[in-house]
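# Notes for the structure review
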Amino acid sequence: SKIAVSDASGKVAVSSIASSELFTPAHGELYDNIATSTITTNGTTYVKWTGSTIGNTKGVTGDITNDNLTIDSGQGGVYKISYSVTFSANTTDTYYWTVNAGGSAQGKMRMISNVVTTGASYTINCVGIVTLAATNTIDLGCFATSGRIVTVTYANLNVVKISN
């Protein structure tokens, strides 16, 4: 690829640049578009939030059947990931939320909520920077003692590419 550059005197010249140096923007969003969705925790893994709707996407594919986002070919890089969840639970307990990216729970994206009143609404928010490869999938999950019923009243998951 070639770009126009200017030197200190203002003279414009054409210069070659490696295509890997060109930034290719990408972003994707899932949000909850129904009154509520539920998660039944299993005590061993992060159980995926379901009931998503695809928001704005470019270079990221949204999948409401699997409730995830997939980084498109050629769009690997560094991403700012954010999520927000409002939920209630049927049992007092500690509830962990995180983003699963590229097949693994992202520890630095984990948020903890201690539910002390059943049926009350709790809101968590998280933002982190994660390196993602093309074809990596991203989803949101909840972990707690087995058999807990989590009712999600609002959720939003965003990925925005910030660097190649």
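What comes next concerns the included structure.

Rules of the game
- Residues numbered from 1 in each chain as written.
- Predicted model: local features only at pLDDT ≥ 70, side-chain atom pairs only at ≥ 80, totals over all residues.
- Heavy atoms only, no water.
- Helix = DSSP H or I, 4+ residues; strand = E, 2+ residues; numbered from the N terminus.
- Rg over C-alpha atoms; globule rule 2.2 N^0.38 Å.
- Buried < 20%, exposed > 50% of the residue type's maximum accessible area, 1.4 Å probe, protein only.
- Contact = heavy atoms within 4.5 Å.
- Salt bridge = Lys/Arg side-chain N within 4 Å of Asp/Glu carboxyl O.
- Polar contact = N/O pair within 3.5 Å; in protein donor to acceptor, adjacent residues only side chain to side chain.
- Lys, Arg positive; Asp, Glu negative; His and termini not counted.
- Patch = residues over 30% accessible without salt bridge, like charges linked within 9 Å, V, L, I, M, F, W, Y side chains within 5 Å.
- Areas by Shrake-Rupley, 256 points an atom, 1.4 Å probe, with all protein chains shown as cover.
- Core = buried A, V, L, I, M, F, W, Y, C linked by side-chain atoms within 4.5 Å.
- Pairing = 2+ DSSP bridges.
- Phe/Tyr/Trp six-rings, centres within 6.5 Å; stacked < 30°, edge-to-face > 60°.

Moving on, we come to the overall build of the chain. Looking only at helices and strands, one finds zero helices and 15 strands in the chain. Taking 15 Å as the expected radius of gyration for a compact globule of 164 residues, we find that the chain reaches 20 Å, considerably beyond that expectation. Looking at the chain as a whole, 38% of its 164 residues qualify as buried. Put simply, 70% of the contacts in the chain that link residues at least 6 apart link residues at least 24 apart.

Bringing the pattern of salt bridges into the picture now. Scanning the model with the defined rule gives one salt bridge in all. The shortest N-O distance in the salt bridge between Arg148 and Asp93 comes to 3.0 Å. Here Arg148 is found in the loop between strand S14 (137-143) and strand S15 (149-163), whereas its partner Asp93 is found in strand S10 (residues 93-101), with 55 residues between them in sequence. This pair shows no difference in class: Arg148 is buried, exactly as Asp93 is.

The next point concerns the side chain of Ser52. Among the secondary structure elements, Ser52 is positioned in strand S6 (residues 52-54). At 2.6 Å, the side chain of Ser52 forms a polar contact with the side chain of Asp67. Among residues more than four places away in sequence, those in contact with Ser52 are Leu30, Tyr31, Ile64 and Asp67.

On the secondary structure map, Asp32 appears in strand S3 (residues 27-32). No salt bridge is formed by the buried Asp32; its nearest oppositely charged neighbour, Lys48, is found at 15 Å. Setting aside anything within four residues of it in sequence, one finds Asp32 in contact with Ser37, Trp49, Gly51, Val152, Thr153, Tyr154 and Ala155.

A cluster of nonpolar side chains, Ile3, Val5 and Leu22, forms an exposed patch at the surface whose accessible area comes to about 190 Å². Along the chain, the position of Leu22 falls in the loop between strand S2 (12-16) and S3.

Moving on: the nonpolar core. Grouped together as the largest cluster of nonpolar side chains are 34 residues, with contacts concentrated most on Tyr83 and Trp97. Among the elements of the structure, strand S8 (68-71), strand S9 (77-89), S10, strand S13 (122-132), S14 and S15 are those that each provide at least two residues to this core.

On to the pairing of strand S1 (residues 2-6), then. Among the five residues that make up S1, zero are buried, leaving the element largely open to the surroundings. Between S1 and the antiparallel strand that follows it, S2, lie five residues; Gly10 among them carries a positive phi value of about 95 degrees.

What follows covers the pairing of S2. Across the five residues that make up S2, only a small minority, zero, are buried. Sheet analysis places S1 next to S2, joined by five bridges and oriented antiparallel. Bridging across to S2, Val5 finds its partner in Ala13.

Within the chain, Asp67 stands out as a residue other than glycine whose phi angle is a positive 50 degrees. By the secondary structure assignment, Asp67 is in the loop between strand S7 (60-63) and S8.

So, on to the packing of aromatic side chains. On inspection of all chains with the given rule, the structure shows five aromatic pairs. Ring centres of Tyr46 and Phe143 lie 5.8 Å apart, and the angle between their planes is 50 degrees; this geometry places the pair in the tilted category. Remark: Phe143 occurs in strand S14 and Tyr46 occurs in the loop between strand S4 (37-40) and strand S5 (47-48); sequence separation between them is 97 residues. According to the relative accessible area criterion, Phe143 is partly exposed, its value standing at 23%. Between Phe87 and Tyr122, the aromatic rings sit 6.1 Å apart at their centres with planes inclined by 35 degrees, giving tilted as the arrangement. Placement of Phe87 in strand S9 and of Tyr122 in strand S13 is noted, with a sequence separation of 35 residues between them. The exposure class assigned to Phe87 is buried, which follows from its relative accessible area of 1%. Classification of Tyr122 as buried rests on a relative accessible area of 16%. Chaining the aromatic ring pairs together yields one cluster made of Phe87, Tyr95, Trp97 and Tyr122.

Coordinates in, geometry out; function isn't part of it.
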